[in-house]
Amino acid sequence: MISIIIINYRQKTFTVQCVKSIYSNFKSYPFEVIIVNNSPGENLNQLTEEYNNLRIIENENIGFSQANNVGVRNSKGDYLFFLNADTIIQSDFLKDFIDAFNNKDFGAAGMKLYNEDGTFQLSFWHENTFFNEIKNKRNENRFRRKELNFINAVEEDYSKIRQADWVTGAAIIIRKSVYLDSGGFDEKFFLFYEDADICKRLNEMQQPVYFFPFSKIVHFKGENVSKEFKSSSYYFSKASQLRYYCKHNNITDNILIRVYLFVKFFILFVFTFKKINLKILLLTLGIKA
């Protein structure tokens, strides 16, 4: 069985849509759906009445990593499929995945994602060192600008199952036994970099990370969130980035990332006086505002 774990946080419409797409498409392999509801004000009980093998766990919102770990503790499957609420399943690939990975040593596998317009979405990256992140950001920008020749070349290069340094947690399958051996998601990552962190630890355990190109999932990638949430999530992304560097990278990389972020957000604050820029600026100095 595959346990599909979805975290709901102010995304009821997306969550309902995601669940509907799961049950409409997945027919080839047994699964259960576990929704960890981090938004107590949103009632999702209708889903348990409509669908079999679906459970909702009410949870205090103390981070994306913690919520996923709660989902795992309530799961029954041999495989864990962590799936963002803002996704739509468009093909039945579960049996193909099991056939490909059942006898394969692997830690995690990232699924192939598409944008709403049907274009290929970047979902795998080089390990997060300072200079690799420059490469990662350059590639992301080329995808964002819809440079089709580049996008098509990358998609062709990843048209077969192949290893990656890390893959997005928006749609990632991890063997449960390996997940438990790794200690699960690090709950000190409130939001962002928790996927890169667990992939890094799995690779260090000699449990490689792969990209699986035979799925079809639309990922809306945060287009539904409010300006307030985007602002706070930006802060969490930088806090998690600094934590990742402290946990995994050498002193040179740690100095480089802090100097870079300090200069960037000092300039942004001087020109905008936005509170979020000041908060991140202080964060580079080890001060949580």
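Refer to the preceding data block for the structure.
Residues numbered from 1 in each chain as written. Predicted model: local features only at pLDDT ≥ 70, side-chain atom pairs only at ≥ 80, totals over all residues. Heavy atoms only, no water.

**Focus: the pairing of strand β2 (residues 31-37)**
Right, on to step 1. Counted residue by residue, β2 has seven buried out of seven residues, so it is predominantly covered.
Right, on to step 2. Residue alternation in β2 divides its side chains into two sets, F31, V33, I35 and N37 and E32, I34 and V36, and both sets are buried.
Right, on to step 3. As paired elements, strand β1 (residues 2-8) and β2 share seven bridges and run parallel to each other. Note on β2: the bridge partner recorded for I6 is I35.
Right, on to step 4. One crossover worth recording links β1 to the parallel β2 by way of helix α1 (residues 12-25), and it is right-handed.
Right, on to step 5. Two elements, β2 and strand β3 (residues 54-58), share five bridges in a ladder whose sense is parallel. The residue of β3 that forms the bridge with V36 is I57. (Buried < 20%, exposed > 50% of the residue type's maximum accessible area, 1.4 Å probe, protein only. Helix = DSSP H or I, 4+ residues; strand = E, 2+ residues; numbered from the N terminus. Pairing = 2+ DSSP bridges. Right-handed = clockwise from strand over helix to strand, strands pointing away.)

**Observations concerning the packing of aromatic side chains**
Right, on to step 1. The tally for this structure, following the rule as stated, stands at 36 aromatic pairs.
Right, on to step 2. Centroid distance F93 to F212: 6.4 Å. Interplanar angle 50 degrees. Geometry classified as tilted. On the criterion of sequence distance, the pair formed by F93 in the loop between β5 (87-89) and α4 (94-101) and F212 in strand β12 (residues 209-219) is long-range, its members being 119 residues apart. Both residues of the pair, F93 and F212, count as buried.
Right, on to step 3. We note K112 situated over the ring of F120; from NZ or CZ to the ring centre the distance is 5.2 Å.
Right, on to step 4. Seen from the ring of F189, R243 lies directly overhead, with NZ or CZ sitting 5.3 Å from the centre. (Phe/Tyr/Trp six-rings, centres within 6.5 Å; stacked < 30°, edge-to-face > 60°. Lys NZ or Arg CZ within 6 Å of the ring centre and 35° of its normal.)

**Some points on the nonpolar core**
Right, on to step 1. Ranked by size, the top nonpolar core spans 50 residues in total, and within it F82, F124 and Y179 carry the most contacts.
Right, on to step 2. Apart from residues lying up to four places away in sequence, F82 is in contact with I5, N68, V72, G169, A170, A171, I172, I174, Y179 and F185.
Right, on to step 3. Membership of the second largest hydrophobic core comes to 36 residues, among which are I56, F93, M111 and I217. (Core = buried A, V, L, I, M, F, W, Y, C linked by side-chain atoms within 4.5 Å. Contact = heavy atoms within 4.5 Å.)

**A word on the packing of helix α5 (residues 130-144) against helix α6 (residues 148-157)**
Two measures define how a pair of helices packs: the angle their axes make with one another and the distance between the axes.
Right, on to step 1. Between α5 and α6, the shortest axis-to-axis distance is 8 Å and the interhelical angle comes to 115 degrees. Of the two possible hands of crossing, α5 and α6 adopt the one that is left-handed. Facing α5, whose interface residues are N139, R142 and F143, α6 presents F150, I151 and V154.
Right, on to step 2. Taken together, the residues of the contact of α5 with α6 break down into four nonpolar, one polar and one charged. (Axes fitted to C-alpha atoms, helices over the stretch in contact; angles between N-to-C directions. Left-handed = near helix turned anticlockwise from the far one by under 90°. Nonpolar A, V, L, I, M, F, W, Y, C, P; charged D, E, K, R; others polar.)

**Focus on the pattern of salt bridges**
Right, on to step 1. Scanning the entire structure with this criterion turns up 14 salt bridges.
Right, on to step 2. For K200, the salt bridge identified is with E204, shortest N-O distance 3.9 Å. Of this pair, K200 and E204 are both found in helix α8 (residues 194-204), four residues apart, which corresponds to roughly one turn of the helix.
Right, on to step 3. Three or more residues joined by partner-sharing salt bridges are found here, namely D186, D197, R201, R243 and K247. (Salt bridge = Lys/Arg side-chain N within 4 Å of Asp/Glu carboxyl O.)

**Concerning the pairing of strand β11 (residues 171-175)**
If a strand is regular, its side chains alternate between the two faces of the sheet.
Right, on to step 1. Of all the five residues making up β11, five are buried; the element is thus mostly covered by neighbouring parts of the structure.
Right, on to step 2. The side-chain alternation of β11 yields two buried faces, one formed by A171, I173 and R175 and the other by I172 and I174.
Right, on to step 3. Relative to β11, strand β4 (residues 79-83) is paired through five bridges, and the arrangement is antiparallel. Of the residues in β11, the one forming a bridge with Y79 is R175.

**What about α1?**
Right, on to step 1. Between its first and last C-alpha, α1 extends 20 Å over 14 residues, near the 20 Å set by a 1.5 Å rise per residue.
Right, on to step 2. Where α1 is concerned, the buried positions are F14, T15, C18, V19, S21, I22 and Y23.
Right, on to step 3. Residues of α1 that are buried sit in contact with β1, β2, α2 (46-50), β3, β4 and β5. (Expected span 1.5 Å × (residues − 1).)

**Some thoughts on the environment of N52**
Right, on to step 1. Mapped onto the elements, N52 comes out in the loop between α2 and β3.
Right, on to step 2. Here N52 falls in the exposed class, since its relative accessible area comes to 63%.
Right, on to step 3. A C-alpha to C-alpha distance of 8.1 Å links N52 and E32, two positions 20 residues apart in sequence.

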